[in-house]
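Breakdown of the fold
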Amino acid sequence: MGEVISNERCKLQAVEALESNVRSYSRSFPAIFSRARGSVMLTDSGRKIIDFLSGAGALNYGHNNHEIKAAIADYLASDAVVHGLDMATPAKLQFMETFSSVILRERGLQYRFQFTGPTGADAIEAALKLARKITGRRNIISFTHGYHGLSLGAIAASGNRFHRRASGVSLSDATFMPYDGYLGPAVDTADYLRKMLLDKSSGIDPPAAILVETVQGEGGINVARMEWLQSIQAVAREAGALLIVDDVQMGCGRTGEFFSFEFAALSPDIVAMSKSLSGYGLPLSMLLIKEELDAWGPGEHTSTFRGNNLALVSATAALDIYWRTPTFSQEVQRMGELMRGRLHAIASEHGNGFVVRGRGMALGFDCRMTEIAEAATRKAFEKGLIVERCGPNDQVVKFLPALTIDAETLNQGLEIFEDSLTQTVKKARSADWWL
Ligand SMILES: *Cc1c(COP(=O)(O)O)cnc(C)c1O
C-alpha cells in the first residue's frame, strides 16, 4: 500500500512538472483520480473519495451515469456523425425537440436554441453580444459577487478582483449593483436599482441587459428571493433592457427544479446553460433566446465545437431519463431538505455564527473565516471527501453533490464534513486564533 501511494505521489509530481502553474483544483485535491462512478471517485492508490464538488456542477447526474453512457455508446457504435460543426443532424433535432416538449412546453416557455462554443463563458459572451446588438446599448448591469466566466466580456461582468486583474486589460461596459441582501435585510436593492436606472441623471448608462444568477454559485451561495427576482425582471422591462439569467451552474435541477428561476415564475429574455446540460460531463453550452429576439445574422457568433453531437445525445438521454415526470425534481427537493437539516444541525451545534444558505441541492456553509473553511475542507479531503469553497474570501464551504446521490453516501459525506469541522474548530480554539 505504501508503495502504491508513493507511486501516486510520483505521478502527481510529474503532472506538476508538466502542467502550467494555472492548474487549480489539482492543488486543492492532490491525488490522481483514475475512475469514478456516481458520487464516488477512485484514486490511483485505490482510495475511495466521495465527491461533493461534482465537476463544479457539471455532473448533476453523477460520474459515468450508466443509462446516459449507454446512449453515448450506442451512438458511437452506429458511426453517426460526432462532429459536424453546426450542420444539422438527427441528434441535434432530437435534442431540440425533446428539450422543447419535456422542459419548455411543460413550463409554458418558448425559446429558440443557440449552441455556442462549449464553455459557459462563451454562452455568456453570446448573450451579452446579442443584447448589445438588439438594444444598441453597451452597458450591462451585473451584481456584486456575480460570476459569469473568464473570457473578457464575461469577466467584465464578474465581480472577483483576482480574476479581473488577471485579464490584463481594462474591463468596461458593465455596472455593478448590489445583489439581494448585499446591504443587509433592511435595504431592498431592487428598489435602488430601479431608482438608478430610471433616473436620467444617475450617471448610469442605460443598460442592454441585466445579467443575474438566481443563486450565486461562485459568489458564496447567495440566494435571491422570489420578490427580488421579480422586481429585477420588472426593472429590466421598464429600463428597456433584456433580462439574462445565467443558469450555467444552477440550472439542470440543481435548485430542485429544472431552471433555477421557475420558483419565481420569471420569463427571462435569454437563458445561458452549460455545466450539467450534457448530463455526462461532456462540454455543451447553449442560449435559450425568445423568438422575437433572435436578431443574429448567420455566423455572427460562431465556434468550431458548437453543439457537439455526442454531448447532444447524452443531453437528450438525461432529459428522457430524469425529466419526463416530476419524480426526480421532487426527490432532489427532498434530498436538499435532508442536507439542509443536517448542515443546520452542524451549524447550531458549534454555535459560532456559522450560516447555512442555498436552494435545492446547492448549499453553502458559511464559516465566516477563510482559515476555518480552508482547514475543514483540507481535512475533509484527507478523510475522503471532495468539497469546494466559494465566496469572496473562500470562506463558504460549497455542497454540490450529484442530484442522484443515495442517502447513505450523502450521509457519509456529511459525517466526514462534520468530523473535519469539529476537529478544525477544536484546534482553532486551542490555538487561540478563533473564539
Ligand atoms: C462556471 C460558470 C460560468 C462559466 O462557465 P465555464 O464553462 O467555466 O466557462 C458562467 N456562469 C456561471 C454562473 C458559472 O457557474
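Scope of this entry: the structure provided in the associated data block. The residue numbering used here restarts from 1 in each chain and proceeds along that chain's sequence as written. For a predicted model such as this one, the threshold for reporting local features is a pLDDT of at least 70, and the threshold for listing and counting side-chain atom pairs is 80 or more; totals across whole chains, interfaces and linings nevertheless cover every residue. Based on all heavy atoms of the structure, the side-chain values leave hydrogens and waters out of the count.

1. Description of the sheet that holds strand E1 (residues 33-37)
The strands making up a sheet associate through backbone hydrogen bonding, with each pair oriented either parallel or antiparallel. Two strands pair under a simple rule: DSSP has to find at least two bridges between them. Secondary structure is summarised from DSSP: a helix means a run of H or I of at least four residues, a strand means a run of E of at least two, and numbering begins at the N terminus for each. Pairing is mixed in the open sheet, where 4 strands are placed in the order E1-E2-E3-E15. Looking at strand neighbours, the two that pair on one side only are E1 and strand E15 (385-386), the edges of this open sheet. Alignment of strand E2 (residues 40-43) against strand E3 (residues 48-51), held across 3 bridges, turns out to be antiparallel. From the neighbouring strand, Leu42 faces E3, where its bridge partner is Lys48.

2. Structural notes on the nonpolar core
As used in this record, nonpolar core signifies buried Ala, Val, Leu, Ile, Met, Phe, Trp, Tyr and Cys residues forming a set joined through side-chain atoms within 4.5 Å. Three labels apply to residues, based on accessible area from a 1.4 Å probe with only protein chains included: buried if under 20% of the type maximum, exposed if over 50%, partly exposed otherwise in between. Formed by 89 residues in total, the largest nonpolar core has its most connected members in Phe99, Phe259, Phe365 and Phe399. A domain split of this core shows at least three residues from each of domain 1 (2-64 + 327-430) and domain 2 (67-322). Contacts are assigned to residue pairs that have any heavy atoms within 4.5 Å of one another. Apart from residues no more than four positions distant in its own chain, Phe399 is found in contact with Phe52, Met339, Leu343, Met361, Ala362, Leu363, Phe365, Val387, Leu414 and Phe417. Judged by nonpolar contacts, the second largest core, of 22 residues, contains Ala127, Ala131, Leu287 and Trp296. Start and end positions for the domains come from either an automated domain assignment or a database one.

3. Things to note about the sheet that holds strand E13 (residues 355-359)
Read from one edge to the other, the open sheet built from 4 strands follows the order E13-E14-E17-E16, with strand pairing classed as antiparallel. Edge positions in the sheet fall to E13 and strand E16 (388-390), since each of these pairs with one other strand and no more. When the angles between neighbouring strand axes are averaged without regard to direction, this sheet yields 30°. Here, axes are lines fitted to C-alpha atoms. For helices the fit covers the stretch in contact, and angles between N-to-C directions go from 0 to 180 degrees. Each of E13, strand E14 (362-366) and strand E17 (396-399) is contacted by helix H12 (residues 327-350), which is oriented at about 5° to E14, the strand it contacts most. Along the sheet face, helix H13 (residues 370-383) touches E16 and E17 and points at about 165° away from the line of E16.

4. Focus: the side chain of Thr377
Here Thr377 lies in helix H13. Those residues in contact with Thr377, other than ones at most four positions away along the chain, are Val387, Glu388, Arg389 and Val397.

5. Here's the deal with the pattern of salt bridges
Salt bridge, as used here, is a side-chain nitrogen of Lys or Arg placed within 4 Å of a carboxyl oxygen of Asp or Glu. Counted under the stated rule, the structure contains 21 salt bridges. The salt bridge involving Glu218 is made with Lys398; its shortest N-O contact spans 2.7 Å. Of this pair, Glu218 sits in the loop between strand E8 (215-216) and strand E9 (222-223) while Lys398 sits in strand E17, and the two are 180 residues apart along the sequence.

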